[in-house]
Every structure is written in C-alpha cells, then in structure tokens.
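Coordinates in review
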Amino acid sequence: MQKNESSISFLEKQFQEKINNDIKIEPKDWMPEAYRNNLIRQMSQHAHSEIIGMQPEGNWVLRAPTLRAKKILLAKIQDEAGHGLYLYSATETLGIDRKEMIEQLQQGKAKYSSIFNYPTLNWADIGAVGWLVDGAAIVNQTMLARGSYGPYSRAMLRICKEEGFHQRQGYEIMAKMMAGNASQKEMAQDSLNRWWEPSLMMFGPHDSESTHSEQSMKWKIKVESNDNLRQRFINKTVDQAHHIGLTIPDKNLTYNKETRNWEISPINWEEFWNVVKGNGPCNRQRIAHHTKYHNEGQWVREAALVFAKKEMEIQ
Ligand code: BYC
C-alpha cells in the first residue's frame, strides 16, 4: 500500500513537471484521475456547445436575405458540426464514450455554453452571433490551444482558424446593416443591446467565483483566467463596434488610459446563474430539439454501423 502511494506521488510529480515544461500530455500517458475528469467535463461541455450552438443559427437558414448569405450561413453551421465532432473524438481519447456524453447532455448532467439559450429574433442576430459569440470563442480558444492536453490543444488550432471566418462574416453582416437605412441600423443596434452582456458571460464567472480555475491553471487545462480573457474581448470588441457606428449598451463604459482597458458596469450574474441552471429563455427548447432529432437519427447510426461491419468483412 505504502509503495503504491509513493509510486503514485512519483507519477504525479513527473506529470506536473511535464506540464511545467510545456510537454503535451497524450492519451496513453499516465494522468491523475482528477485531471482526466476535469478535462472530460470541460471538453464535453465544449463539444455540446458547438452542437447546441447550431440551433440558433439554423433558425435563419430558410430566411437568409440572399443566396450568398444562405450559402455562408450553411457553411458556418456545418463547420460548427465539424467542431463538435473533433471535440467529441478528442474527449473519447480520455476513455468516455460519445453515447454517454450525449446522455449526460440530454439529462442535464453536462452543461453547454449559456449563450446558446438566447433566441435569434432577426437577421441582425445572425450578425451578432458571428461577431460576438464566435469573437468571444476565438479569444477563449486561442488560449485553450496552448493547453496541456495534446488532442484538445490540436483540435483548437483548426477550430480557431475556422472561427476567424465566422467572426468576420458576422461583423460583415453588422457593418452592412450599419451602412443601410434607419431601420436596418436600429435592428443592428437592438441586436447588440441584447447580445452584449450574454457574450461577456461566455467567459464564466469572475476569477474569485470560479471553482475550477485554480486547479485548471495549475494543470494548464486553462492558461489564462476568465477575467483576463473577458477584458481582452471587451477591448477588441468596443473598438470594432465604434468603427461601424454601434453604441455599446453600457452607460458606464469608460476607457482607462492607465490600464488601457475599457471598463464596464457590473455584469448581471444572477441572470447568468439562472441561465446556467436551466432557466434561460431557450434551455428547454434546445434540449427538447436535440433529443427529438437525435432519436430520429437512430436509424442512421444503426445503418452506418452495419455498413462499417460489412466493409470490414469484405476486407
Ligand atoms: N455557460 O470554474 P468555472 C462556439 C460553469 S461554441 C455555462 O470558471 P471553467 C459556437 C462551469 O462549467 C464554443 N456554464 O469553469 C458554436 C462550472 O460549472 P461545472 C463555446 C458555464 O470550466 C456555434 C461553473 O460555471 N466555448 O463558439 O474553469 C455557433 C464555474 O465556472 C459558463 C466553450 O465551450 C458558461 N458560459 O471555465 C457559434 C469553451 N461559464 O462544470 C459559436 C470551453 C462557466 O463545475 N470552456 N460555466 O458544473 C471553457 O473554456 C471553460 O469551461 C469556461 C469556464 C471558460 C467556459
């Protein structure tokens, strides 16, 4: 027993040294169970966010204003599905099955990003999702690409490249509307008013309230804090908004010349936790929709398995 404990502490020490020296942890390497479980939690949440995130955008495919806009939106949503697939595969390398992850999502045991519980009410919202939601995701994921777990960090590299296009297509929609007539401008501003604060919440609670940050940063599952990333996003986005004539919906927004940061009003954390706990405007709708279409796709999964089995028999 004693020997076992000392060999585990030796392995833990070696593991931490690898992390401190920026050597990636790979699936077959030894890792503490808590590291594995923390990664499964975060990566599966991330995968679910990509998949659930297709719903608010899918709502506008049939109503996109031009064929060009429809083609771009379809390609973007398809990219999000791809991100979900890379992330489910990367999470499976930790020893959990995709079926189990999906059950956890549908039973409310696994989370997905709070942002996808808000509705897309008009075309400007598609601009706001690309500009703000993908914009926030890039800031967060560029950091995650430097994380310690090999398959997760490598998935982030490709995902970030694709998110770059997504962010620009969203900003293009907003810029076009801001160059349009009065009602188009009003629609774009109204959309920013509704999506601004929820997009700031994507980065999670303040560092002082974040349960996982301390351990996750020690293990380099995250390499920057929630508040740092949120501030970086605010600084980038405020300038982008002003550039096209949008007003950030915060009467206390001020530029601090010393810190070179845009400072904002306190965030409504009560709303955030309410949404995270399942009581946002669309939480129930999102899970019901996922469950319905997942069940309807059962025959496709069965057919794919039979096909794969037959192919193996032929070889
Ligand atoms: N929403 O200790 P903390 C996309 C939870 S999709 C819900 O700071 P952590 C796109 C947190 O899970 C890409 N829950 O947590 C797709 C924890 O609860 P549990 C979306 C949140 O993990 C389609 C508790 O609060 N990006 O771009 O250290 C169309 C305490 O938090 C949220 C990702 O998924 C939230 N916003 O840090 C368009 C990024 N925030 O788990 C676009 C991957 C916190 O103990 N995730 N919670 O029950 C992360 O980077 C980290 O998990 C977070 C939070 C920074 C979000």
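Above this text you will find the structure in question.
Residues numbered from 1 in each chain as written. Predicted model: local features only at pLDDT ≥ 70, side-chain atom pairs only at ≥ 80, totals over all residues.

1. Details of the overall build of the chain
Stated precisely, the cut-off is as follows: Elements are defined by DSSP. Helices are runs of H or I of four residues or more, strands are runs of E of two residues or more, and each kind is numbered from the N terminus. Each residue is classed by its C-beta neighbour count within 10 Å, where at least 20 other C-beta atoms makes it buried, 12 or fewer makes it exposed, and intermediate counts make it partly exposed; the C-beta atoms are placed from backbone geometry.
Across its full length, the chain carries 13 helices and two strands. If you line up the chain on its principal axes, its C-alpha atoms span 75 × 60 × 35 Å. The buried share among the 315 residues of the chain stands at 33%.

2. Digging into the environment of E263
Counted only if it meets this: Contact between two residues is assigned when their C-beta atoms, built from the backbone, lie within 7 Å.
With respect to the helices, strands and loops of the structure, E263 is situated in strand β2 (residues 261-263). Its 13 C-beta neighbours within 10 Å are what place E263 among the partly exposed residues. Each C-alpha atom of the pair E263 and L253 lies 5.6 Å from the other, and the pair is ten residues apart in sequence. Sequence-distant contacts of E263, that is, excluding residues within four places in its chain, are made with T254 and N256.

3. Observations regarding the site of the ligand
Heads up, the condition is: Being near a molecule or strand means, for a residue, that its C-beta atom, positioned from the backbone, comes within 6 Å of it. Amino acids outside the nonpolar list (Ala, Val, Leu, Ile, Met, Phe, Trp, Tyr, Cys, Pro) and the charged list (Asp, Glu, Lys, Arg) are all regarded as polar, and Gly is one of them.
Lining the immediate environment of the ligand, one finds 32 residues, of which G53, A137, G204, S210 and H212 sit closest. The class makeup of the residues in the shell around the ligand is ten nonpolar, 15 polar and seven charged.

4. Here's the deal with helix α6 (residues 123-144)
Heads up, the rule is: The length a helix should cover is 1.5 Å for every residue beyond the first. Note on bend: at a given residue it equals the angle between the axes fitted to the 7 residues ending there and to the 7 starting there.
Its 22 residues place the ends of α6 31 Å apart at the C-alpha level, agreeing with the 32 Å of an ideal helix rising 1.5 Å per residue. The largest bend in α6 is about 30°, located at V129.

5. Some remarks on the packing of α6 against helix α7 (residues 150-178)
Short version of the rule: A fitted line through C-alpha atoms serves as each axis, taken over the contacting stretch for helices, and the angle formed by two N-to-C directions is quoted from 0 to 180°. Here roughly perpendicular refers to angles of 65 to 115 degrees, roughly parallel to angles under 35, roughly antiparallel to angles over 145, and oblique to all remaining angles. In this scheme, a crossing is called left-handed if the near helix is turned counterclockwise away from the far one by less than a right angle; it is called right-handed if the turn is clockwise.
Remark: α6 packs on α7, axes separated minimally by 7 Å, with the N-to-C direction vectors making an angle of 150°. Taken together, α6 and α7 sit at an angle that is classed as roughly antiparallel. Relative to α7, α6 is oriented so that their crossing is left-handed. Of the residues contributing to the contact of α6 with α7, the split by class is 16 nonpolar, eleven polar and two charged.

6. Re the environment of S113
Checked against the element boundaries, S113 lands in the loop between α5 (98-106) and α6. Taking the number of C-beta atoms within 10 Å as the measure of exposure, S113 has 23 and is therefore buried. Between the alpha carbons of S113 and G204 there is a distance of 9.1 Å; along the sequence they are 91 residues apart.

7. Description of the nonpolar core
Formally: Definition of nonpolar core: a set of buried Ala, Val, Leu, Ile, Met, Phe, Trp, Tyr and Cys residues joined via C-beta atoms within 7 Å.
Among the nonpolar cores identified, the biggest contains 58 residues, and A128, L132, A136, Y152, M174, M177 and A188 are the most heavily contacted of them. Broken down by secondary-structure element, the contributors of at least two residues to this core are α2 (33-52), α4 (67-92), α5, α6, α7, α8 (182-201) and α10 (226-243). At twelve residues, the largest contribution of residues to this core is made by α6.

8. Let's talk about unusual backbone geometry
The phi dihedral of K220 falls on the positive side, at around 55°, and the residue is not glycine. Tracing the backbone shows K220 in the loop between α9 (213-218) and α10. By the C-beta count within 10 Å, which is 19 here, K220 ends up partly exposed. Positive phi outside glycine occurs at R260, with the angle close to 60°. Note on placement: R260 falls in the loop between β1 (254-256) and β2.

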